[in-house]
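Chains, contacts and geometry: an overview
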Amino acid sequence: MNNQSINWKDPLYLHSFLTEEERKISATAKEFCEKHLFNRVKSDNNNKNFDKNLFKEFGRLGFLGPTIEGYGCANVSNISYGLIAKEFEAVDSGYRSAISVQSSLVMHPIYNFGSEEQKKRYIPKLSKGDLIGCFGLTESEAGSDPSSIKTKLIKDGKNYRLNGSKNWITNAPIADIFIIWAKDEDNSIVGIIVEKEDKGISTSLIDNKLSLLLSPTGQIYMQDIIIPENRILQLTKGWKSVFSCLNKARYGIAWGVMGAAEFIWHQSKEYVENRIMFKKQLAGNQLIQKKLADMQTEITIGLNACYQLGKLIDLNKEVNIGISMLKRNNCKKAIEIAREARDMLGANGLTEDYHIMRHLINLETVKTYEGTEDIHALILGKYQTGISAF
Ligand code: TGC
Ligand code: FAD
């Protein structure tokens, strides 16, 4: 059968619903990722290398803080933001992490909870990639339950004093600015901008992780850092402000992991079409076709659901449930797809040449950060029943 004219890649015609601008952005992101990231991903992964200059390239093309209006940002739709994340993660979850953290966890809180002075000082440079930011919420004893954080901000004369430590922070070792979440004297959550030149801040690299290798993850130590009033994100309104950052990043992850899954699906399809075993193409076996059908189905459903979610976010709808659902389900499906594909390639699937094993290992991180799979199940359970089972 000649299947060239059949729309097997996008059976629900998602592409046809995109605006002209969204199509252009998706194509630009795809071209950039294929030309400038795919050719270096093996070496970056093997050398645990993240070239900081890449941020300037991301900035030049408008990929940093793309949904922000003004301050040098692109001001595009949430669908566009998702499409960018999808193309980045098709190459490596670590590259997507870089833009997620900068856009959703650093620029978003400054834009939404910062003063005009803070926005002008930081956002234009963050959008150009001249500054790199990170987001410090997790601590060694406070992962799934961030309400247990111990980092403290205490009033000291006309300034404040910041003490504590953070663990597992993306980009901490290469960051110029740090969005730090701490508790004040009333135990209310407060967001603070710390600069790398501030006396009392230091970082270290987690060098023994086996996943998301090209993404620098680290610890942050804060000892008696003097914080002037103008470094506090004054418009923070309790934990819901923190969660608004996570919501934005989780939404991007839901798109991103479908990008990784789609890459893996196409890669394994091509492999089984060309691999001859028992004197025929592997693709001619029922068990193999069932796996391809499952991949096609889950990716199509996952991407179309992301599109719907993005539309709802653009309409300012309350979408906390949808975000938890798609962060959880799309990560779960992407990792299952990566495992099946790895198996379909046999021994070759274990090599770096087909990129599937690297994606599989990365997806273990993505399943864990921004709320683990089970924590999102508990969030969904709480919304349904009204009972907190944490
Ligand atoms: P809970 O009582 O449920 O809520 C406290 C307040 O927050 C509000 N809220 C939300 N608001 C907006 N969006 C959401 N998704 C929200 N979820 C909760 C809630 O309405 C309430 O507001 P108010 O005004 O009534 O006070 O809080 P809880 O302590 O019971 O929360 C529990 C739980 C488990 C849901 C939460 O702690 C959680 O989500 N834990 C997971 C931790 C997590 O996701 N950490 C992420 C760290 S950052 C990261 O991983 C970056 S990796 C990035 C990369 O490299 O790409
Ligand atoms: P834990 O909370 O200890 O959970 C361990 C296990 O127990 C999980 O399976 C979890 O689902 C389960 N569990 C926990 N509580 C319950 C419960 N009540 N009921 C049932 N099961 C439960 N954080 C940041 O702040 N900024 C970053 O930039 C950042 N980047 C990261 C980058 C990487 C590579 C990684 C791996 C993590 C990063 N994180 C970051 C931290 C991440 O958000 C946490 O790892 C995550 O929230 C889980 O916390 P934990 O690792 O402490 O696991």
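Structure: above.
The following refers to the structure shown. (Residues numbered from 1 in each chain as written. Chains lettered and ligands numbered in written order. Predicted model: local features only at pLDDT ≥ 70, side-chain atom pairs only at ≥ 80, totals over all residues. Heavy atoms only, no water.)

1. Regarding the overall build of the protein chain
In terms of helices and strands, the protein chain carries twelve helices and nine strands. In summary, the protein chain has a C-alpha radius of gyration of 21 Å against a globular reference of 21 Å for 390 residues, a match within 12%. If you line up the protein chain on its principal axes, its C-alpha atoms span 80 × 45 × 40 Å. Considering the protein chain as a whole, with its 390 residues, one finds that 52% of them fall into the buried category. At a minimum sequence separation of 6, the contacts of the protein chain that also span at least 24 residues come to 74%. Accessible surface, the protein chain: about 18,100 Å² in total, of which carbon and sulfur atoms supply 51%. In the protein chain, the 50 positive side-chain charges and the 46 negative ones have mean positions that sit 1 Å from each other. (Helix = DSSP H or I, 4+ residues; strand = E, 2+ residues; numbered from the N terminus. Rg over C-alpha atoms; globule rule 2.2 N^0.38 Å. Buried < 20%, exposed > 50% of the residue type's maximum accessible area, 1.4 Å probe, protein only. Contact = heavy atoms within 4.5 Å. Areas by Shrake-Rupley, 256 points an atom, 1.4 Å probe, with all protein chains shown as cover. Lys, Arg positive; Asp, Glu negative; His and termini not counted. Charge placed at Lys NZ, Arg CZ, Asp CG, Glu CD.)

2. Describing the nonpolar core
In summary, soluble globular proteins display a tendency toward joint burial of nonpolar side chains. Formed by 48 residues in total, the largest nonpolar core has its most connected members in Leu37, Phe50, Phe58, Phe88, Tyr95, Ile110 and Phe135. It is helix α6 (residues 93–113) that provides the largest number of residues to this core, a total of nine residues. Setting aside anything within four residues of it in sequence, one finds Ile110 in contact with Gln118, Lys119, Tyr122, Ile123, Leu126, Ile177, Ile179, Ile193 and Leu233. Tyr251, Cys331, Ala338 and Leu363 belong to the second largest nonpolar core, which has 46 residues in total. (Core = buried A, V, L, I, M, F, W, Y, C linked by side-chain atoms within 4.5 Å.)

3. Observations concerning helix α2 (residues 20–37)
The end-to-end C-alpha separation of α2 is 25 Å, in line with the 26 Å expected for 18 residues at 1.5 Å each. For α2, the set of buried residues is Glu22, Ile25, Ser26, Ala29, Phe32, Cys33 and Leu37. Along α2, the residues classed as buried sweep out an arc of 135° about the axis, all on the same side. Counted as exposed and oriented over 90 degrees from the buried face of α2: Glu20 and Lys24. Here the buried face of α2 lies against α3 (41–46), α4 (54–60), α5 (78–91) and α6. (Expected span 1.5 Å × (residues − 1). Arc of directions from axis to C-beta.)

4. Examining the environment of Ser204
Counting through the fold element by element, Ser204 comes out in strand β6 (residues 201–205). In the structure, Ser204 is positioned 130 residues away from Ala334 in sequence and 31 Å away in space, judged by C-alpha atoms. Not counting chain neighbours up to four residues away, the residues in contact with Ser204 comprise Pro173, Thr217, Gly218, Gln219 and Tyr221. A polar side-chain atom of Ser204 sits 2.6 Å from a polar atom in the side chain of Gln219. (Polar contact = N/O pair within 3.5 Å; in protein donor to acceptor, adjacent residues only side chain to side chain.)

5. Looking at the pattern of salt bridges
Going through the model one piece at a time under the given rule, you end up with 30 salt bridges. For Glu34, the salt bridge goes to Lys30, with nearest N and O atoms at 3.3 Å. Taken together, the positions of Glu34 and Lys30, both in helix α2 and four residues apart, correspond to about one turn of that helix. Residue class for Glu34 comes out partly exposed when judged on its relative accessible area of 48%. (Salt bridge = Lys/Arg side-chain N within 4 Å of Asp/Glu carboxyl O.)

6. Here we look at helix α9 (residues 286–314)
Counted at 1.5 Å a residue, the expected span for α9 with its 29 residues is 42 Å, and the 42 Å between its end C-alpha atoms agrees. Along α9, the residues that are buried comprise Ile288, Leu292, Met295, Ile299, Thr300, Gly302, Leu303, Asn304, Cys306, Tyr307, Leu309 and Gly310. Elements that come into contact with the buried residues of α9 comprise α1 (14–17), α5, α8 (239–274) and α10 (320–344). Once α9 ends, the next one or two residues include Asn316, with phi positive near 65°.

7. A short note on the site of ligand 1
Neighbouring residues of ligand 1: 25 residues in total, closest Ser97, Ser144, Thr170, Asn247 and Arg250. At 2.7 Å, a side-chain N or O of Ser97 approaches an oxygen atom of ligand 1. Between ligand 1 and Asn247 there is a distance of 2.9 Å, counted from a nitrogen atom to a side-chain nitrogen or oxygen. Contact with the protein chains covers 73% of the free accessible surface of ligand 1, which is 1,100 Å². When residues of the shell around ligand 1 are traced back to their parent elements, those giving at least two are α6, α8 and α12 (373–385). Per element, the largest residue contribution to the shell around ligand 1 is six residues, and it comes from α8. (Near = heavy atom within 4 Å.)

8. What to know about the site of ligand 2
In the vicinity of ligand 2 lie 18 residues, with Phe135, Thr138, Ser144, Trp168 and Thr372 positioned nearest. Measuring from a nitrogen atom of ligand 2, one finds a backbone N or O atom of Trp168 at 3.0 Å. Between ligand 2 and Thr372, the relevant distance is 2.6 Å, taken from an oxygen atom to a side-chain nitrogen or oxygen of the residue. Every element with two or more residues in the shell around ligand 2 is listed here: β3 (159–170), α11 (356–368) and α12. Class assignment of the residues belonging to the shell around ligand 2 gives a composition of eight nonpolar, eight polar and two charged. (Nonpolar A, V, L, I, M, F, W, Y, C, P; charged D, E, K, R; others polar.)

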